[in-house]
Amino acid sequence: MSEAPRHLPWYFDVVGKRRLWFAFSALITIPGLIFILLTPLTGGAAGLKFSIDYTGGTIWQIRFEDPNVAANDVQRFLGEQGLEGSTVTRTGTGFLEIRTLPIGIEAEPSPTPAPSTSAAPSASASSAPSASPAASASPGASPSPDASASPAPTPAAGNTELPTQGRLGEVRRALEAEFGPIAEQAALTTIGPVVTADLIGQALILIAVGSLAILVWMGYRFRDFKFGASAIAALLHDVVVVIGVFAILGTFLGVEIDALFVTAMLTVIGFSVHDTIVVFDRIRENKARHAGEPFDRIVNHSILQTAGRSITTSLTVVITLLSLILFAGEAIGEFGLALLLGIVSGTYSSIFNAAQILVVWQHWEDRRRERAMAQPQSTRRAPA
């Protein structure tokens, strides 16, 4: 039932080697699945590493006036300040990126300002000695320019104003006392657990709804449930490959997945199914053109007719993504890597998985139909 197509060299018999393709898919997915499962089993020590988009926390990018301040020294010092588990890395722009658990950003209740803490004590003492008591006693006086008397704003991405109050203010003062003044702040972001829970829930819903919609649409488009289910199986292969690779990289290299990772996965899902539809559509056309020919031969012809177009299309995307990874900077490096893995895996699975699953399924249905047709004949011969 799976003999090589006539008039074709053996190396063009793609369908006949489906067990080889299935074995290769198992080889690249099983290690990833193991590391994915290690994530909950080890409490995050191995497997996927989530950025603060999912775990909640604070990212603080600063640069000291002393360029020789080492990231390891800052990380050790933060641990001594009670911020165990913090990580400090140096970015390509020379900033130190501090990642830690959410640091309180609320303003601490400040006592009534003492006269000695005014913004300009020397000026008030020399020019108007009586102005300070009057200003402090007057309820309608304008607020003091002292930063400690104003509420601390919620830090956000791109915030370049150094914190002065709350726990962040304490950490800043401790760092400056140890390593010298902070010359510049590039960003300060704090994300709480409520936001992260919403992100995770939305990501799972998006993937589930997208997969279900694909299954329904392909079943309607090809008038056969097998086509939709085979496409979903190949899609799951691509998802496991990408997530599994990130789980392995997270274990050994500390690569994290962030909010852009969900965007990359949805793009991979769309591209994988798009490539599968091209192959399946040609199979549907060839079934009508070559009625009566064995199904595995029809599938093999369809794969050979569409493989060149699929590979060429994917190659143009791969070249673009390689440029993105190499030259776009580390901010979207993981995003580009996830897309690159997904595009390559999607092209492979469309040809060597989805179509092969369809053949195996069709053969199983044919055998079951043959057994069902043979059963009445044996029943009729039994009385004789």
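The rules we used
Residues numbered from 1 in each chain as written. Predicted model: local features only at pLDDT ≥ 70, side-chain atom pairs only at ≥ 80, totals over all residues. Heavy atoms only, no water. Core = buried A, V, L, I, M, F, W, Y, C linked by side-chain atoms within 4.5 Å. Buried < 20%, exposed > 50% of the residue type's maximum accessible area, 1.4 Å probe, protein only. Helix = DSSP H or I, 4+ residues; strand = E, 2+ residues; numbered from the N terminus. Contact = heavy atoms within 4.5 Å. Axes fitted to C-alpha atoms, helices over the stretch in contact; angles between N-to-C directions. Parallel < 35°, antiparallel > 145°, perpendicular 65-115°, else oblique. Left-handed = near helix turned anticlockwise from the far one by under 90°. Nonpolar A, V, L, I, M, F, W, Y, C, P; charged D, E, K, R; others polar. Pairing = 2+ DSSP bridges.

Undergrad: Help me understand the nonpolar core in this model?
TA: Nonpolar side chains in soluble globular proteins generally cluster together in the buried interior. Counting 49 residues, the largest nonpolar core has F246, F280, I283, V299 and I303 as its most contacted members. Elements supplying a minimum of two residues to this core: α1 (18-41), α7 (193-222), α8 (225-253), α9 (259-289), α10 (295-327) and α11 (333-381). With residues near it in sequence (within four places) discarded, V299 still touches V15, I283, A355 and V359. Of all hydrophobic cores here, the second largest spans 21 residues; its members include W60, V74, I98 and F179.

Undergrad: Would you take a moment to explain the packing of α1 against α8 for this structure?
TA: The geometry of a pair of packed helices is captured by two quantities: the angle between their axes and the separation between those axes. The contact between α1 and α8 brings their axes to 7 Å, and the two run at 55°. When the axes of α1 and α8 are compared, the pair comes out oblique. Of the two elements, α1 crosses α8, and the hand of that crossing is left-handed. Side by side, α1 and α8 meet where S25, I28, T29, P31, G32, L33, F35 and I36 of the first sit next to H237, V240, V241, I243, G244, A247, I248, T251 and F252 of the second. Partitioned by chemical class, the residues of the contact of α1 with α8 number 11 nonpolar, 6 polar and no charged.

Undergrad: Looking at this structure, how should I read the sheet that holds strand β3 (residues 87-90)?
TA: A sheet is described by the order of its strands in space; here 4 strands give the open sequence β3-β4-β2-β5, paired in antiparallel fashion. Looking at strand neighbours, the two that pair on one side only are β3 and β5 (182-191), the edges of this open sheet. With strand direction ignored, the average angle separating the axes of adjacent strands in the sheet is 15°. The strands touched by helix α3 (residues 71-80) are β2 (57-64), β3 and β4 (96-100); relative to β3, the strand with the most contacts, the crossing angle is about 160°.

In short, the description is geometric, and any link to function would need to be established separately.
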